[in-house]
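The chain contents come next:
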Amino acid sequence: MPENNLTYRCGDTALEEAIAFCQANNFNRFTLVSDTNTYAVLGKRVEELFRAQNWAVHTIILEGEEIIADVATLNEALAKSGSDPGTYLAVGSGTITDITRYCSHQQGSVFISLPTAPSVDGFASSVAPVVIRGNKESLPCQAPIAIFADLPTLCQAPSKMIAAGFGDMVGKYTALADWKLAHLIINEPYDATIAARMESALKVCVDHREGIRQTSPEGIAGLMNGLVESGICMALAGNSRPASGSEHHLSHYWEMMLLHQRRPALLHGAKVGIGTVLIAERWQPIRALTNGEVKDRLKNACLPSPQKEQEVIETAFPSNPNAIIQNQSVYLSMTDKEFQELKKNIIHKWKKIIEIAATVPPAHQIVALLQTVNAPVTAAEIGLKPKEEMDALRYSHYLRSQFTVLKLGRFLGLI
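Predicted model, so just to flag it, every value in this text is computed and none were measured. Sequence positions are assigned chain by chain, starting from 1 and proceeding in written order. For a predicted model such as this one, the threshold for reporting local features is a pLDDT of at least 70, and the threshold for listing and counting side-chain atom pairs is 80 or more; totals across whole chains, interfaces and linings nevertheless cover every residue. Side-chain measures here rest on the full set of heavy atoms in the structure, leaving out hydrogens and waters.

Novice: I tried to follow the overall build of the protein on my own but got confused; where do I start?
Specialist: A run of DSSP states H or I qualifies as a helix once it reaches four residues; a run of E qualifies as a strand once it reaches two. Both are numbered from the N-terminal end. A count of helical and extended segments in the protein gives 21 helices and 8 strands. Restricting the calculation to C-alpha atoms gives the radius of gyration, and the globule rule supplies 2.2 Å times the number of residues raised to the power 0.38. Here the C-alpha radius of gyration of the protein, 22 Å, is about what a compact globule of 415 residues would show, namely 22 Å. In terms of principal-axis extent, the alpha carbons of the protein reach across some 75 × 40 × 40 Å. Counting every position in the protein, which comprises 415 residues, the buried fraction comes to 56%. Residue pairs in contact within the protein that sit at least 24 positions apart in sequence constitute 78% of those at least 6 positions apart. Using a 1.4 Å probe, the Shrake-Rupley method yields the accessible areas, and only the shown protein chains count as cover for residues. Entry remark: accessible area of the protein is about 17,400 Å², with carbon and sulfur atoms responsible for 50%. Separation of charge centres in the protein, based on 38 positive and 42 negative side chains, amounts to 6 Å. Accessible area is worked out with a 1.4 Å probe on protein chains only. A residue is then buried under 20% of its type maximum, exposed over 50%, and partly exposed in between. Only heavy atoms enter the contact rule, under which two residues are in contact if any of them lie within 4.5 Å. Note that His is not counted, nor are the chain ends; the positive residues are Lys and Arg, and the negative ones are Asp and Glu. Charge positions come from single atoms, namely NZ of Lys, CZ of Arg, CG of Asp or CD of Glu.

Here it is in structure tokens:
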């Protein structure tokens, strides 16, 4: 599974293998990044094991109830790293890994990931999702050179974090459908081999869902393997497209909204799982449309006014609307002729769109999968209001320039 020189181990001896890896590569100076929770869970043990090898370990413990990969935290971690950090060790889950990924990239150093929970699919990714002026943006960084996942630690992770990891993987159903849709309609680059690998990783996780619920070593290892493979697929593609679509855009919208309102953050994978249910529901009416009905709907569809679109964006994204407007430049600058060609393309390729829709399980099946691992399945379960759910469905497509089912549904008058 690992590629591009990535070493990956998941098991009871992962920490011993991490030490052997560092010895083989002559690493002897380290900067360990963690938060107060992950340091207590695993960081202190890693620190002691590495110092027992007579290696220098500089430990950074980020404090606070809620660690966010925003500019302030990134700068704090960079400042505490010093000018010669050596090899970085990311001891934590998604946010700690992204902070370390950014710092190591900025410092020209390599980093090793030591996950504390199988909660996200970004461990092997080469991009870091960070918050800049209230907007969630993906910055090109680097993948770790190695991932050593201590299986007993992963099995003891909070059940909600394990469920979040499963939710992040279930989101691949709709992410892959969006990727295929964008390739079909606007000729976005698509790699069938990478997509097939992602589908296989998703299947592994779904097949292990009972073991994941029971937090058995086999089930948790299956989940972690799927999450790492997902990150590898993103690295191979050079972007997040194989793993992230409209379900992730919903999650990003809610995250930015909560930050703007100074409300507590919610687990990324929990939001993605709920987003997957909502996006699966948006695919259902598309499956039911005939080619004739599509023609009738598109006949009445008009090119949105750029001025009105900008006004909507400014209202929906008050923190930094200019960045969102820039993301949408390809649509805001679309001519009527280009819009007519887009509509013709949708009509011409409707049969293939239906075939893509058929790859997305019905929403009730997504719900059943998530409930197997006790993951939330509705926005209300995580404290989001009905209006906040609808606003995400209306506005989250603005966050990225990607063509997704939400943009298709909008042109068809379904959203």
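Novice: Is there a simple way to explain the packing of aromatic side chains in this structure?
Specialist: Remark: the centre distance and the inter-plane angle together describe each pair of aromatic rings, the angle taken between the planes. In this analysis, rings of Phe, Tyr and Trp, with Trp reduced to its six-membered ring, are considered paired at centre separations within 6.5 Å, and the interplanar angle assigns stacked below 30 degrees, edge-to-face beyond 60, and tilted for intermediate values. Overall, the coordinates contain 9 aromatic pairs when judged by the stated rule. Members of the aromatic cluster, connected to one another through ring pairs, are Phe21, Phe27 and Phe148.

Novice: Looking at this model, I keep getting lost on the nonpolar core. Mind explaining?
Specialist: Soluble globular proteins: nonpolar side chains tend toward being buried together. Residues belong to one nonpolar core when they are buried, are Ala, Val, Leu, Ile, Met, Phe, Trp, Tyr or Cys, and are joined through side-chain atoms within 4.5 Å. If you look at the biggest cluster of nonpolar residues, it comprises 89 residues, and the most contacted ones within it are Trp254, Trp283, Phe317, Ile346, Trp350, Ile353 and Leu408. Filtering out sequence-adjacent residues up to four positions away, Phe317 remains in contact with Tyr253, Met256, Ile324, Tyr395, Tyr398 and Leu399. Counting residues in each nonpolar core, the second largest holds 20 residues, with Ala14, Val57, Leu89 and Val91 among its members.

Novice: Explain the sheet that holds strand β2 (residues 29-35) to me, please; I cannot follow it from the model alone.
Specialist: Within a sheet, adjacent strands bond to each other through the backbone by hydrogen bonds, running parallel or antiparallel. Strands are labelled as partners when DSSP assigns at least two bridges between them. An order of β1-β8-β5-β4-β2-β3 is seen for the 6 strands of this open sheet, with the pairing classed as parallel. The two strands at the open ends of the sheet, each matched to only one other strand, are β1 (7-11) and β3 (56-62). The mean angle between the axes of side-by-side strands here comes to 15 degrees, regardless of whether they run parallel or antiparallel. Examined bridge by bridge, β2 and strand β4 (residues 87-92) share 4 bridges and lie parallel to one another. The partner of Phe30 across the bridge, within β4, is Thr87. Inter-axis angles, ranging from 0 to 180 degrees, are taken between N-to-C directions of lines fitted to C-alpha atoms, where helices are fitted over the stretch in contact.

Novice: Looking at this structure, I do not really get the packing of helix α3 (residues 71-81) against helix α4 (residues 94-107). What am I missing?
Specialist: How two helices sit against one another is set out by the angle between their axes and by the gap between those axes. Packing of α3 against α4 brings their axes to within 10 Å, and their N-to-C directions diverge by 55 degrees. Classified by the interaxial angle, the pair formed by α3 and α4 is oblique. Of the two elements, α3 crosses α4, and the hand of that crossing is right-handed. Residues Thr73, Leu74, Ala77, Leu78 and Ser81 of α3 touch α4, and the partners they reach there are Ile99, Tyr102, Cys103, Gln106 and Gln107. Looking at the contact of α3 with α4 residue by residue, the class counts come to 6 nonpolar, 4 polar and no charged. Note on angle classes: values under 35 degrees are labelled roughly parallel, values over 145 roughly antiparallel, values of 65 to 115 roughly perpendicular, and the remainder oblique. Crossings are classed by handedness, with left-handed meaning an anticlockwise turn of the near helix from the far one by less than a right angle and right-handed meaning a clockwise turn. Three categories are distinguished: nonpolar for Ala, Val, Leu, Ile, Met, Phe, Trp, Tyr, Cys and Pro, charged for Asp, Glu, Lys and Arg, and polar for the others, with Gly belonging to the last.

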